[in-house]
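Topology and contacts: notes
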Amino acid sequence: IGDQSAGKSSVLEAISGVQLLRGTGVVTRAPIELRLSNSQETTCQASVEADGVPGWEGPCESVGEALNATMRALPGLKPSQRGARRGITEDVVHLRVTAPGAPELTLVDLPGLARVATEGQRPDVPELTRRLSKTFIEPSQSI
């Protein structure tokens, strides 16, 4: 949990070895649940899923592109619904990675905490980002 553009995604990339989203401004616009699992296979495989978006499966090298495409297609981020979400959504993107030697670990990348709404965002974006953070840190198994 941290401010927007504070490097949270970069830290999770370093821990997991999986490329997440890249860009400037608000990049992580939805919670991304990254589940790492050990595999007996010799290659790294990944899948990306979200409600209302076609799923994707393939090699880990292509997961960044698949994640970006899924993020753009989330129902809460479509231009016709921007008045309802204004660029941040509560829709969770599920990213699963199986690789040899990977730890059994789940990481969550959240949109950064907004102190004020920026132009084009709905006015309650600060509350939305706080609520998202609280939702993911409340379970007793979260650290």
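Because the structure is a prediction, the values reported are computed rather than measured. (Residues numbered from 1 in each chain as written. Predicted model: local features only at pLDDT ≥ 70, side-chain atom pairs only at ≥ 80, totals over all residues. Heavy atoms only, no water.)

**Considering the overall build of the protein**
If you tally the helices and strands in the protein, you get four helices and five strands. When the helices and strands of the protein are placed in sequence order, the string is α-β-β-β-α-α-β-β-α. The buried share of the protein, taken over its 143 residues, is 38%. Restricting to contacts in the protein with at least 6 residues of sequence separation, those with at least 24 account for 68%. (Helix = DSSP H or I, 4+ residues; strand = E, 2+ residues; numbered from the N terminus. Buried < 20%, exposed > 50% of the residue type's maximum accessible area, 1.4 Å probe, protein only. Contact = heavy atoms within 4.5 Å.)

**Quick word on the pairing of strand S1 (residues 32-38)**
Here S1 pairs with strand S4 (residues 93-99) via seven bridges, running parallel. The partner of Glu33 across the bridge, within S4, is His94. Note: S1 against strand S5 (residues 105-109), five bridges, orientation antiparallel. If you follow Arg35 over to S5, its bridge partner there is Thr106. (Pairing = 2+ DSSP bridges.)

**Regarding the pattern of salt bridges**
Overall, the coordinates contain five salt bridges when judged by the stated rule. In this structure, Glu49 engages Arg96 in a salt bridge whose closest nitrogen and oxygen atoms are separated by 3.5 Å. One end of the pair, Glu49, is in strand S2 (residues 45-50); the other, Arg96, is in strand S4, and 47 residues separate them in sequence. Judged by its relative accessible area of 40%, Glu49 is partly exposed. Across the salt bridge formed by Arg131 and Glu90, the nearest N and O atoms sit 3.4 Å from each other. Taken together, the positions of Arg131 in helix H4 (residues 125-137) and Glu90 in the loop between helix H3 (82-85) and S4 put the pair 41 residues apart, joining distant regions of the chain. (Salt bridge = Lys/Arg side-chain N within 4 Å of Asp/Glu carboxyl O.)

**Some thoughts on a nonpolar patch on the surface**
Together, Val11, Ile15 and Leu105 make up an exposed nonpolar region whose accessible area comes to about 250 Å². On the basis of relative accessibility, which here comes to 48%, the residue Val11 falls in the partly exposed class. (Patch = residues over 30% accessible without salt bridge, like charges linked within 9 Å, V, L, I, M, F, W, Y side chains within 5 Å. Areas by Shrake-Rupley, 256 points an atom, 1.4 Å probe, with all protein chains shown as cover.)

**Digging into the confidence of the model for the protein**
For the protein, mean pLDDT is 83; residues scoring 70 or higher make up 90% of the total. Overall, residues 80-85 carries pLDDT values under 50, and its contacts beyond four positions in sequence, including any with other chains, amount to seven contacts. (pLDDT = per-residue confidence, 0-100.)

**Structural notes on the state of the cysteines**
Within this structure, the stated rule accounts for one disulfide. Covalent S-S linkage joins Cys44 and Cys60, the inter-sulfur distance amounting to 1.8 Å. Here the S-S torsion is close to -65 degrees, and the disulfide linking Cys44 with Cys60 is therefore left-handed. Highlighted residues: Cys44 in the loop between S1 and S2 and Cys60 in the loop between strand S3 (53-59) and helix H2 (63-73), separated in sequence by 16 residues. Of the residues examined, Cys60 reaches a relative accessible area of 15% and is grouped as buried. (Disulfide = S-S within 2.5 Å.)

**So, the nonpolar core**
With 23 residues, the main nonpolar core has Leu67, Met71, Leu74, Val93, Leu95 and Val97 as its most contacted residues. Listing elements by their share of this core, those giving two or more residues are S1, S2, H2 and S4. Counting residues per element, this core draws most heavily on H2, which supplies four residues. The contact partners of Leu67, leaving out residues within four places of it in the chain, are Gln19, Leu20, Leu21, Ile32, Val48, Val93 and Leu95. Ile88, Ala114, Val125 and Leu128 belong to the second-largest nonpolar core, a separate cluster that totals five residues. (Core = buried A, V, L, I, M, F, W, Y, C linked by side-chain atoms within 4.5 Å.)

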